[in-house]
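One-letter residues, chain by chain:
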Amino acid sequence: MPSESNLSSQTLPTHLTRWGGRIYAIIGLSVLLVMVAALATTVGSVKIPFLMTFQIMLSKLPLFHITPVWPSGIETIILEIRLPRVILAGLVGAALATAGATYQGLFRNPLADPYLIGVAQGASLGAVAGFLLPTTWHGFGVEVIPLFAFVGAIASTAIVYGLARVGKSLPVTTLILAGVALGALLGSIVSYLIISSGEKMHGIIFWLMGSFSLSQWSEVKLVLPYVAVGAGVILLYARPLNVMQLDEEQAQQLGINVERLKLVLLAAATLITAAAVSFVGTIGFVGIIIPHAVRLIWGADYRFLLPLSVLTGAIFLIVADLVARTAQAPTEIPIGVITALCGAPFFLYLLRRRRKVIF
Amino acid sequence: MIKIEMQNVCLGYSGKEVLTDVNFQVLPGEMVGLIGPNGCGKSTIIRALTRVISLYRGRILLDGKDIASIPRQELARMLGVVPQMPLLPSAFTAFEVVLMGRNPHLSLFQYEGPKEMDIAWQAMGRTMTHHLARRRVGELSGGEIQCLLIARVLTQETKAILLDEPTANLDIGRQVEILNLIRNLCLENNLAVLAALHDLNLASQYCDRLVLIDNGRVHAQGTPSEVITPQNIKEVYGADGCVYTHPVNGLPSVLVNPGNGRVSNLRKIMERDEV
């Protein structure tokens with residue numbers, strides 16, 4: 001035993017109290033997020049000068065009074081087409097990354113992603129049902145497809161939860177198995193419906209691969225509250241989620257009400273995932289890779305992992321959507337293709353460079 | 001100061017009763033050892049005390065209050081546990097794991113502040129684990145993890161401590177070091193300490209009283225001299241004639257005596273495990 005260190009280190013060394021640069025990472029990523037969002041708004045098929053974009057956006061803020069010197073068509077492109085799209089992409093990226101980190105923590109399983117317990121298949125089935133409805137059902141002032149996708153996502157998770165419950169407890173492995181089994185069942189129904197959907201097949205497949213091409217402010221307004229509340233609740237539970245990484249028995253012995261924690265976090269993560277996928281489709285890869293990339297760089301502590309995942313997920317999906325709509329303009333590439341195509345090599349690079357225990 | 005009382009406790013798993021009518025007490029400032037053959041239910045008693053499993057019958061009182069009525073977080077402020085070979089998240093640092101001991105003292109809206117970190121650091125000092133603080137727990141040895149878990153329970157600042165085989169992974173030097181530490185803490189802070197131990201010699205040397213469990217019941221309880229007798233050892237472990245008197249302090253010591261004892265002990269283990 002090094003007796004010297006016992007004598008000299010009775011006071012807490014500062015390297016343990018400092019947040020190890022992670023607080024700077026949060027600030028830095030916040031700045032980066034704003035910059036990426038601004039950049040993504042200026043880039044597009046119609047060339048709009050950088051400065052003009054900023055002037056247009058600043059003119060809408062209460063503190064700035066800038067006389068419009070730009071055509072109103074340009075203003076519409078910036079404010080009504082690009083900005084809501086960028087913000088929605090950011091929200092969805094933040095939601096999926098947060099939900100992924102939460103599921104991984106809750107299940108203590110690095111392979112968990114937001115779709116592990118049936119959310120994606122439920123949403124897909126709902127969306128497909130929405131597509132196949134007779135058109136007379138559409139146009140009650142609600143968008144049928146997102147509504148059905150949302151309901152499908154929530155309903156399938158609720159069924160999985162009900163199936164997996166044993167008495168008063170919810171064994172995690174049973175939950176995963178029930179989720180995978182129900183997901184397979186719903187997935188096969190979706191496949192069958194797609195095959196027999198005739199001329200609607202293209203629209204369905206496009207939805208399933210994910211796209212932000214129809215983003216509007218109304219969608220941002222609908223998704224934002226779910227993501228804000230859900231992610232807020234999850235961030236509150238960051239410290240208990242750390243303790244849950246021990247195992248359920250130790251977590252209980254350290255004063256955690258494990259069953260309540262599981263219920264709250266499952267509900268919050270499912271809600272933000274359902275809200276995210278209902279408008280833009282089941283975008284893959286973000287939910288599993290972003291939390292792991294954050295772990296690789298900044299460590300496994302959920303107090304930092306969660307906020308850093310929110311920011312990184314938002315930045316990642318804004319950039320991916322930017323690539324999706326500009327790389328092959330005027331054709332749009334499905335965002336799901338881009339997330340994996342750009343994200344996987346970067347993640348593999350991180351994985352090779354930092355060979356250490358990450359989970 | 002907290003007193004632990006088990007009153008007519010019956011316990012088991014999925015309907016099968018493992019322990020019947022267990023009665024014993026742990027008083028403040030007292031270290032009680034739970035001993036008995038493998039699989040006799042020592043760990044089960046510890047799990048029941050922390051309400052991880054519920055009782056079939058009987059009740060457990062902590063400070064006169066039934067633990068079934070104590071909220072989990074409050075229970076974790078009264079009673080801390082050093083589990084046996086637990087799962088630890090390998091990517092967390094040793095300091096982060098020790099700091100988790102503060103969880104019962106924090107509300108949902110609180111993160112660990114300098115005060116919490118200081119308590120954790122002092123606890124690591126007492127278990128001589130300062131040098132491990134920044135290491136990831138996945139890289140640590142069994143003995144180092146044991147010391148961290150004890151630091152964690154000290155960080156929890158409870159008035160009662162349960163230990164499940166606290167010396168199982170340690171060499172003889174560390175065994176003595178850790179048990180001395182626990183013993184001193186128990187006396188200085190008037191803690192009620194209950195330790196499941198499989199090493200009868202350590203149990204005899206360190207505990208004020210012992211509870212010997214066999215076949216789902218309390219076989220004997222009392223001071224080490226009352227419990228570790230040739231007759232009890234033969235009845236419970238099937239080992240013959242191996243209790244001696246410690247040459248320095250006169251407490252009972254168990255020394256292996258190969259021969260018939262070895263054969264009958266082996267047979268007993270094989271019968272139990274149905275080999």
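Residues numbered from 1 in each chain as written. Chains lettered and ligands numbered in written order. Predicted model: local features only at pLDDT ≥ 70, side-chain atom pairs only at ≥ 80, totals over all residues.

*Asks:* Any chance you could explain the interface of chain B and chain A here in plain terms?
*Replies:* Quite often, the size of an interface is put as the accessible area lost when its parts meet. Taken residue by residue, the interface counts 35 residues in chain B and 31 residues in chain A. Breaking the side of chain B that touches chain A down by element, the ones donating at least two residues are helix 2 (72-78), helix 3 (94-99) and helix 4 (114-126) of chain B. Considering every element that reaches the side of chain B that touches chain A, the biggest residue donor is helix 4 of chain B, with five residues. Of the residues contributing to the side of chain B that touches chain A, the split by class is 22 nonpolar, nine polar and four charged. (Contact = placed C-beta atoms within 7 Å. Helix = DSSP H or I, 4+ residues; strand = E, 2+ residues; numbered from the N terminus. Nonpolar A, V, L, I, M, F, W, Y, C, P; charged D, E, K, R; others polar.)

*Asks:* It is not clear to me how the domain arrangement of chain B should be interpreted in this structure. Could you clarify?
*Replies:* All names here are of chain B. As far as domains go, chain B holds domain 1 (4-228) and domain 2 (229-275). For domain 1 and domain 2, the distance between their C-alpha centres works out to 26 Å. Domain 1 puts 15 residues into the contact, and the matching count from domain 2 is eleven residues. Only helix 7 (200-206), strand 9 (209-214), strand 10 (217-222) and helix 8 (224-227) provide two or more residues apiece to the side of domain 1 that touches domain 2. In terms of residue count, helix 7 provides more of the side of domain 1 that touches domain 2 than any other element does, four residues in total. Residue composition of the side of domain 1 that touches domain 2, by class: seven nonpolar, seven polar and one charged. (Domains from an automatic or database assignment.)

*Asks:* Even after reading the chapter, I still don't get the nonpolar core, so can you show me in this structure?
*Replies:* As a rule of thumb, soluble globular proteins bury nonpolar side chains together. Core analysis: the biggest nonpolar cluster contains 183 residues, and Val92, Ala95, Val227, Ile272 and Ala275 of chain A together with Val98 and Val193 of chain B have the highest contact counts within it. Sort the elements by how many residues they give to this core and helix 5 (residues 72-107) of chain A lands first, with 17 residues. Two domains each donate at least three residues to this core, and these are domain 1 (4-228) and domain 2 (229-275) of chain B. When neighbours within four sequence positions are excluded, Ala95 of chain A is seen to be in contact with Val227, Ala231, Ile272, Thr273, Ala275 and Ala276 of chain A. (Core = buried A, V, L, I, M, F, W, Y, C linked by C-beta atoms within 7 Å. Buried ≥ 20, exposed ≤ 12 C-beta atoms within 10 Å, placed from the backbone.)

*Asks:* Just to check I follow, could you spell out helix 4 of chain B for this structure?
*Replies:* Quick reminder: α-helices carry 3.6 residues per turn. Residues three or four places apart thus point the same way. Residues and elements named next belong to chain B. Here helix 4 is 13 residues long and its end C-alpha atoms lie 18 Å apart, about the 18 Å a rise of 1.5 Å per residue gives. For helix 4, every residue scored as buried is listed here: Ile119, Ala120, Trp121, Ala123 and Met124. Looking at the buried side of helix 4, the elements it contacts are helix 3 and helix 5 (142-155). Met128, located one to two residues past helix 4, shows a positive phi value of around 55 degrees. (Expected span 1.5 Å × (residues − 1).)

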